[in-house]
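Chain and residue survey
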Amino acid sequence: MTTDQVDVLVVGAGLAGLHTATLLARQGHEVLLVERRPTLTGAIRTTGIFVRRTLEDFPLPPDCLGPAIRRVVLYPPGLRRPVTLDSARDEYRVGDMAPLYVAAARAATDAGVRIALGTRYAGRRGEVFLLAGRDGPTGVRARFVVGADGARSRVARDLALDRNRHLLVGAEEVFGVPRGDGPPAFHCVLDPAVAPGYLAWVVNDGRHAHVGVAGYAHRFRDGLRGALRRFAATAPGLSGVDRPEEVERRGGPIPVGGVLRRIGCVDGLLVGDAAGAVSPLTAGGLDPCLRLSELAAAVLDEALRAGRPTALAHYDGAALRARFRGRLLLRQGLAQVRTPAVAAAAFTLLRTPPGRAAAGRILFGDGSFPAVAPFAARPATGRCR
Ligand SMILES: Cc1cc2nc3c(=O)[nH]c(=O)nc-3n(C[C@H](O)[C@H](O)[C@H](O)COP(=O)(O)OP(=O)(O)OC[C@H]3O[C@@H](n4cnc5c(N)ncnc54)[C@H](O)[C@@H]3O)c2cc1C
C-alpha cells in the first residue's frame, strides 16, 4: 500500500469540507480532500436555501443563485387560511447546487487543494488514514484530519468524538418551472401527517420548484417516500405548474440535536453536519457549516504554525452549544406537534400579532449560527461557470 503525506486530510467535499480545505490551502498548508462520490454534481443532499446572513457575509457566485425570496407562507394541515409573511429585504436565495459545488471545488484546487473524487475514507491504522480509491487502497499520513463527512461521520467515530444522535430525515423533488405570476415564495406546511416533527415545503422561485418533507424517520406512517408522494399530490404554491415525469431527487439525514460538545482533539476536528452544526429549529445547515469552517481553519492554521496540537482545544463545541439553548427548546416544541389538532392550535397563536412577530423573527432574523470567527469577505467559492 502506498502512503502519501500531507498537513491536513479533509474527508468529505460538501460545502463544509470544500470551504475548510480552501481556507487551509490559502494559508499555505498542504491539503488532501477526499470524497467518496465520483462527482460533485450527483447525489446532492440539500435544497440549497441560503439565508440573507450567508449571502451578505460569503461571496457565493451570483450566477449560481436563484432569484431573491421575500415571502414565506405558512400553512396548517388542510392548507386553509395560510399566514403570509413578507419581508422588506431579500431573505433567501436557492443555490443551483451542482454548479455551486463545482465552483467551490475549482476555488479549492486554485488554492492548491488536491481533490480525490471516488475516494472513501475507510478508517485509521495508527498514524495512517486509510483510503479506498479508484486505484485500490492507499494510505495517507496527515498531521490533522478534518471530518467533513456529514451527519453520520466515520471520522467522528474514529477520533472518539461526539456523534449525532438526534436526526431528522428529509427528501425532496426538484424540477424546473415556468416563470409564474406570483413572487418567488417559500411555502411551509406544519402537518405531522406528512412531516412528523418538522415541516413539508415548496420553494418556488420562478425557476425551480423544490417539493419536500422532513421529519423523524420512525414517525412516518408510510415511510419518507410515501409522505413525499402524498404531499406532492396537493402541495401548495404550484398553481399553473405541471410536475414533469423526470425530477431530480434529493434527500438525507439532518442532525438537529445542536452542535456537539466534543468536536476536536489533538488529531483533528469535525465541521458541518459531522459537528452537528445545524440550526435545531429551522434545520438550516449551510450558514452554520460555512461559519464553523472558518473557525476550524483558523484553529488548524494556528496548530500547524505553532506545531502544537493544543491549539485545537479552542475548538469547543460545548461553548457554541450553549448559545443554542433557545432553539433547542423550540425544537422540542416542534417535535411535540404530533396531531393535526395541535398543529391547528399552533396556528391560532400564529395568527395573533405576537405570533406573527415571533415567526418573523425566526424566519427573517439573524440567528442561524453565532458569529464564531472573524472573516474577511474573500472569494471563497469562485465563479460558477
Ligand atoms: C433534504 C435536505 C434539505 C436541506 N435543505 C437545506 C437548505 O435549504 N438550507 C440549509 O441551510 N440547509 C439545508 N439542509 C442542511 C444542509 O444541507 C447541510 O447542513 C449541509 O449541506 C451540510 O454540509 P456538509 O458539508 O457538512 O455535509 P454534506 O454536504 O453532507 O457533505 C458530506 C460529504 O462527505 C462525503 N462523505 C461521507 N462519508 C465519507 C467517507 N467515508 N469518505 C469520503 N467522503 C465521505 C459525502 O459523500 C458528502 O459529499 C438540508 C438537508 C437535507 C437532508
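Below you will find a few notes about this structure. Since we're looking at a predicted model, the values are computed, not measured. (Residues numbered from 1 in each chain as written. Predicted model: local features only at pLDDT ≥ 70, side-chain atom pairs only at ≥ 80, totals over all residues.)

Looking only at helices and strands, the chain features 10 helices and 17 strands. Against the globule reference of 21 Å for 385 residues, the chain gives a C-alpha radius of gyration of 21 Å, in line with a compact fold. For the chain, the spread of C-alpha atoms along the principal axes amounts to about 60 × 40 × 40 Å. A separation threshold of at least 6 residues defines the contact pool for the chain, and within that pool the share at least 24 residues apart is 72%. (Helix = DSSP H or I, 4+ residues; strand = E, 2+ residues; numbered from the N terminus. Rg over C-alpha atoms; globule rule 2.2 N^0.38 Å. Contact = placed C-beta atoms within 7 Å.)

Turning next to unusual backbone geometry. Within the chain, R81 stands out as a residue other than glycine whose phi angle is a positive 50°. Tracing the backbone through its elements, the reader meets R81 in the loop between β4 (71-75) and β5 (83-86). Phi angles above zero are rare outside glycine, and A160 is one such case at about 55°. With respect to the element layout, A160 can be found in the loop between α4 (154-158) and β11 (167-176). For A160, a count of 10 C-beta atoms within 10 Å corresponds to the exposed category. (Buried ≥ 20, exposed ≤ 12 C-beta atoms within 10 Å, placed from the backbone.)

As a structural note, the neighbourhood of the ligand is formed by 37 residues, with G12, G14, T46, G272 and G285 the closest of them. Only α1 (15-26), β8 (120-125), β11, β15 (248-255) and α6 (286-306) provide two or more residues apiece to the shell around the ligand. Per-element tally for the shell around the ligand: the top contributor is β15, with four residues. For the shell around the ligand, the residue count by class is 12 nonpolar, 14 polar and 11 charged. (Near = placed C-beta within 6 Å. Nonpolar A, V, L, I, M, F, W, Y, C, P; charged D, E, K, R; others polar.)

On the secondary structure map, V189 appears in strand β12 (residues 185-189). With 76 residues separating them in the primary sequence, V189 and V113 have C-alpha atoms 42 Å apart. Discounting residues that sit within four places of it in the chain, V189 has contacts with Y75, L79, V194, A195, L199 and A200.

Ranked by internal contacts, the top residues of the largest apolar core, which has 111 residues, are L9 and V271. The element contributing the most residues to this core is α6, with 12 residues. With residues up to four places along the chain from it excluded, the contact list for V271 reads A16, T20, V146, A148, C289, L292, S293 and A296. (Core = buried A, V, L, I, M, F, W, Y, C linked by C-beta atoms within 7 Å.)

As a further point, take the sheet that holds strand β14 (residues 208-215). Read from one edge to the other, the open sheet built from seven strands follows the order β5-β4-β12-β13-β14-β11-β15, with strand pairing classed as mixed. Strand pairing shows two members of the sheet lacking a second neighbour, β5 and β15, which therefore form its edges. The average undirected angle you get between the axes of adjacent strands in this sheet is 15°. Bridge analysis of β11 against β14 gives eight bridges, and the strand direction is antiparallel. Paired with V169 across the strands is G215, a residue of β14. Helix-sheet contacts for helix α5 (residues 223-234) involve β11, β13 (200-204) and β14, and the interaxial angle to β14 is about 135°. Strands β4 and β5 of the sheet are contacted by helix α10 (residues 353-364), whose axis makes an angle of about 55° with β5. (Pairing = 2+ DSSP bridges. Axes fitted to C-alpha atoms, helices over the stretch in contact; angles between N-to-C directions.)

On to the pairing of strand β10 (residues 136-147). The pairing of strand β1 (residues 3-11) with β10 spans eight bridges and is parallel. Each residue of the ladder has a partner; that of V6, found in β10, is A142. Inspection of the sheet shows strand β9 (residues 128-133) paired to β10 by six bridges, in the antiparallel sense. For F129, the partnering residue across the bridge sits in β10 and is V140. Bridge count for β10 against strand β17 (residues 268-270) is three bridges, and the pairing is parallel. Across the sheet, residue V146 finds its bridge partner in β17, namely L269.

Over its 12 residues, α5 runs 18 Å from end to end, which matches the ideal 16 Å to within 8%, given 1.5 Å per residue. When α5 is considered as a whole, its buried residues turn out to be A227, L228 and F231. Down the axis of α5, the sector holding all buried residues measures 100°, keeping them to one side. Opposite the packed face of α5, turned more than 90 degrees from it, sit the exposed residues G223 and A233. Its buried side turned inward, α5 meets β11, β13 and β14. (Expected span 1.5 Å × (residues − 1). Arc of directions from axis to C-beta.)

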